[in-house]
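Chain by chain, the residues run as shown.
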Amino acid sequence: QAGGVRGGRQFKACFPGGSSAAILPEQYLDTPMDYDALAKLDVYGSMLGSGALIVMDDTTCMLEVVERTVEFYRDESCGKCTPCREGTLWLGQALHRILAGRRRTEDLELLNGIARGMTGTCFCPLGESVPPAIYSTLRFFKHEYEHHVKTGACDVKVLA
(Lines give C-alpha, C1' and ligand atoms only; values in the text may rest on other atoms or scores of the structure.)
Protein backbone atom coordinates (compact mmCIF):
# COMPACT_ATOMS: atom_id res chain seq x y z
CA GLN A 1 0.00 0.00 0.00
CA ALA A 2 1.09 3.53 -0.69
CA GLY A 3 -0.62 5.05 2.35
CA GLY A 4 -3.68 6.60 0.73
CA VAL A 5 -4.21 10.13 -0.47
CA ARG A 6 -2.20 12.92 1.12
CA GLY A 7 -3.20 14.92 4.16
CA GLY A 8 -6.71 13.56 4.58
CA ARG A 9 -7.79 14.66 1.08
CA GLN A 10 -10.43 12.69 -0.81
CA PHE A 11 -9.66 10.27 -3.65
CA LYS A 12 -10.82 11.73 -6.96
CA ALA A 13 -9.49 9.60 -9.79
CA CYS A 14 -6.64 7.45 -11.00
CA PHE A 15 -4.83 6.23 -14.06
CA PRO A 16 -4.85 2.49 -13.25
CA GLY A 17 -2.24 1.60 -15.87
CA GLY A 18 -0.19 4.70 -16.50
CA SER A 19 -1.06 7.71 -18.62
CA SER A 20 -2.16 5.62 -21.60
CA ALA A 21 -5.12 4.22 -19.65
CA ALA A 22 -8.50 5.86 -19.15
CA ILE A 23 -8.83 7.95 -16.01
CA LEU A 24 -11.20 6.25 -13.60
CA PRO A 25 -13.23 8.19 -11.00
CA GLU A 26 -14.12 7.15 -7.46
CA GLN A 27 -17.05 4.99 -8.57
CA TYR A 28 -14.51 2.45 -9.90
CA LEU A 29 -12.32 2.46 -6.79
CA ASP A 30 -13.33 -1.07 -5.75
CA THR A 31 -12.55 -2.58 -9.17
CA PRO A 32 -9.90 -5.30 -8.84
CA MET A 33 -6.56 -4.18 -10.26
CA ASP A 34 -6.13 -6.94 -12.81
CA TYR A 35 -6.19 -7.07 -16.59
CA ASP A 36 -9.53 -8.86 -16.93
CA ALA A 37 -11.49 -6.71 -14.46
CA LEU A 38 -10.32 -3.44 -16.01
CA ALA A 39 -10.92 -4.69 -19.55
CA LYS A 40 -14.55 -5.48 -18.65
CA LEU A 41 -15.36 -1.94 -17.50
CA ASP A 42 -17.70 0.22 -19.57
CA VAL A 43 -14.91 2.76 -20.05
CA TYR A 44 -13.03 3.03 -23.37
CA GLY A 45 -9.32 2.54 -22.74
CA SER A 46 -9.60 1.11 -19.23
CA MET A 47 -6.68 -1.23 -18.80
CA LEU A 48 -3.87 -2.12 -16.47
CA GLY A 49 -1.29 -1.15 -19.09
CA SER A 50 2.10 -0.69 -17.46
CA GLY A 51 0.55 -0.99 -14.00
CA ALA A 52 1.82 2.47 -13.06
CA LEU A 53 -0.95 3.61 -10.73
CA ILE A 54 -1.30 7.40 -10.69
CA VAL A 55 -3.70 8.64 -8.00
CA MET A 56 -5.25 12.11 -7.88
CA ASP A 57 -7.05 13.74 -4.97
CA ASP A 58 -9.87 16.27 -4.84
CA THR A 59 -7.50 19.22 -5.38
CA THR A 60 -6.56 17.99 -8.85
CA CYS A 61 -7.81 19.86 -11.89
CA MET A 62 -8.56 17.14 -14.41
CA LEU A 63 -8.07 19.52 -17.34
CA GLU A 64 -4.52 20.22 -16.18
CA VAL A 65 -3.87 16.47 -15.91
CA VAL A 66 -5.14 15.89 -19.43
CA GLU A 67 -3.21 18.87 -20.80
CA ARG A 68 0.06 17.53 -19.30
CA THR A 69 -0.73 14.06 -20.63
CA VAL A 70 -1.41 15.37 -24.14
CA GLU A 71 1.78 17.49 -24.03
CA PHE A 72 3.82 14.42 -23.08
CA TYR A 73 2.49 12.39 -26.01
CA ARG A 74 2.84 15.36 -28.37
CA ASP A 75 6.50 15.70 -27.40
CA GLU A 76 7.10 11.95 -27.76
CA SER A 77 5.40 11.67 -31.14
CA CYS A 78 7.73 10.73 -33.98
CA GLY A 79 5.56 12.82 -36.31
CA LYS A 80 5.17 10.13 -38.98
CA CYS A 81 1.40 9.84 -38.78
CA THR A 82 -0.93 12.77 -39.10
CA PRO A 83 -3.49 11.73 -36.46
CA CYS A 84 -0.85 11.62 -33.72
CA ARG A 85 1.27 14.56 -34.89
CA GLU A 86 -1.64 16.92 -35.55
CA GLY A 87 -4.12 15.45 -33.08
CA THR A 88 -1.88 15.94 -30.06
CA LEU A 89 -1.04 19.46 -31.24
CA TRP A 90 -4.71 20.42 -31.71
CA LEU A 91 -5.79 18.79 -28.45
CA GLY A 92 -3.07 20.71 -26.63
CA GLN A 93 -4.16 23.99 -28.21
CA ALA A 94 -7.82 23.46 -27.31
CA LEU A 95 -6.95 22.50 -23.73
CA HIS A 96 -4.66 25.51 -23.41
CA ARG A 97 -7.46 27.81 -24.60
CA ILE A 98 -9.88 26.36 -22.06
CA LEU A 99 -7.36 26.59 -19.20
CA ALA A 100 -6.43 30.13 -20.24
CA GLY A 101 -10.06 31.17 -19.78
CA ARG A 102 -10.89 31.87 -23.42
CA ARG A 103 -14.39 30.43 -22.85
CA ARG A 104 -15.17 28.71 -26.18
CA THR A 105 -17.93 26.13 -25.74
CA GLU A 106 -17.10 24.62 -29.14
CA ASP A 107 -13.76 23.43 -27.72
CA LEU A 108 -15.54 20.67 -25.78
CA GLU A 109 -16.88 19.05 -28.94
CA LEU A 110 -13.59 19.76 -30.69
CA LEU A 111 -11.72 17.73 -28.05
CA ASN A 112 -14.06 14.81 -28.54
CA GLY A 113 -13.87 15.06 -32.34
CA ILE A 114 -10.07 15.16 -32.40
CA ALA A 115 -9.88 12.16 -30.05
CA ARG A 116 -12.29 10.27 -32.34
CA GLY A 117 -10.07 11.13 -35.30
CA MET A 118 -7.07 9.65 -33.49
CA THR A 119 -8.82 6.45 -32.39
CA GLY A 120 -7.84 3.51 -34.57
CA THR A 121 -5.95 5.66 -37.07
CA CYS A 122 -2.43 5.99 -35.67
CA PHE A 123 0.52 3.94 -36.93
CA CYS A 124 1.61 2.93 -33.42
CA PRO A 125 0.23 2.71 -29.88
CA LEU A 126 1.62 6.12 -28.88
CA GLY A 127 -1.11 8.08 -30.64
CA GLU A 128 -3.73 5.60 -29.48
CA SER A 129 -2.68 6.38 -25.89
CA VAL A 130 -4.15 9.88 -25.93
CA PRO A 131 -7.92 9.42 -26.56
CA PRO A 132 -8.69 7.40 -23.39
CA ALA A 133 -7.78 10.37 -21.15
CA ILE A 134 -9.90 12.73 -23.27
CA TYR A 135 -12.91 10.40 -23.43
CA SER A 136 -12.84 9.49 -19.74
CA THR A 137 -12.48 13.04 -18.44
CA LEU A 138 -15.18 14.33 -20.77
CA ARG A 139 -17.42 11.55 -19.48
CA PHE A 140 -16.68 11.67 -15.76
CA PHE A 141 -15.48 15.25 -15.22
CA LYS A 142 -17.42 17.15 -17.86
CA HIS A 143 -18.60 19.53 -15.14
CA GLU A 144 -15.00 20.70 -14.72
CA TYR A 145 -14.68 21.40 -18.46
CA GLU A 146 -18.02 23.21 -18.44
CA HIS A 147 -17.07 25.30 -15.40
CA HIS A 148 -13.79 26.34 -17.06
CA VAL A 149 -15.62 27.29 -20.25
CA LYS A 150 -18.47 29.06 -18.45
CA THR A 151 -16.41 31.05 -15.94
CA GLY A 152 -12.91 31.07 -17.37
CA ALA A 153 -11.62 29.69 -14.06
CA CYS A 154 -11.04 26.41 -12.28
CA ASP A 155 -13.49 25.45 -9.54
CA VAL A 156 -11.13 22.78 -8.18
CA LYS A 157 -8.40 25.27 -7.27
CA VAL A 158 -10.78 26.79 -4.71
CA LEU A 159 -10.47 23.55 -2.71
CA ALA A 160 -6.68 23.55 -2.62
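One structure accompanies this document, and this report is about it. All values derive from a computational prediction rather than experimental measurement.

Of all the 5 residues making up strand S1 (residues 11-15), 5 are buried; the element is thus mostly covered by neighbouring parts of the structure. Pairing of S1 with strand S2 (residues 24-25), which is carried by 2 bridges, proceeds in the antiparallel orientation. Across the sheet, Cys14 pairs through a bridge with Leu24, a residue of S2.

One pass over the structure, following the stated rule, counts 3 aromatic pairs. Note on Tyr44 and Tyr135: the rings are 5.2 Å apart at their centroids and 80 degrees apart in plane angle, and the pair reads as edge-to-face. You can see Tyr44 sitting in the loop between helix H1 (35-39) and strand S3 (54-57) and its partner Tyr135 sitting in helix H6 (residues 131-140), a full 91 residues away along the chain. For Tyr44, a relative accessible area of 43% corresponds to the partly exposed category. Consider the rings of Phe72 and Tyr73, whose centres lie 4.9 Å apart with planes at 80 degrees: the pair is edge-to-face. Overall, Tyr73 belongs to the buried group, its relative accessible area being 6%.

Another aspect to go through is the side chain of Asp107. Summarising the element assignment, Asp107 is placed in helix H4 (residues 106-118). A distance of 2.7 Å separates the side chain of Asp107 from the side chain of Arg97, its partner in a polar contact. With sequence-adjacent residues up to four places away left out, Asp107 is seen in contact with Ala94, Arg97 and Ile98.

Rules of the game
- Throughout this document, residue positions are counted from 1 along each chain, in the order its sequence is written.
- Note on the predicted model: pLDDT of at least 70 is required for a residue's local features to be given, and 80 or more for side-chain atom pairs to be given and counted; whole-chain, interface and lining totals, by contrast, use all residues.
- Only hydrogens and water are set aside when side-chain values are computed; all heavy atoms of the structure are taken into account.
- Only protein chains enter the accessibility calculation, which uses a 1.4 Å probe; a residue is then buried when its area is under 20% of its type maximum, exposed when over 50%, and partly exposed in between.
- A run of DSSP states H or I qualifies as a helix once it reaches four residues; a run of E qualifies as a strand once it reaches two. Both are numbered from the N-terminal end.
- In short, DSSP must find at least two bridges between two strands for them to pair.
- Ring pairs shown here join Phe, Tyr and Trp side chains whose ring centres sit within 6.5 Å, with only the six-membered ring taken for Trp; geometry is labelled stacked below 30 degrees between planes, edge-to-face above 60, and tilted in between.
- Each polar contact in these results corresponds to two N or O atoms within 3.5 Å; when the atoms are within protein, one needs to be able to donate a hydrogen and the other to accept it, and residues that are neighboring in sequence are counted only if both atoms are side-chain atoms.
- By definition in these notes, contact holds between two residues if any of their heavy atoms fall within 4.5 Å.

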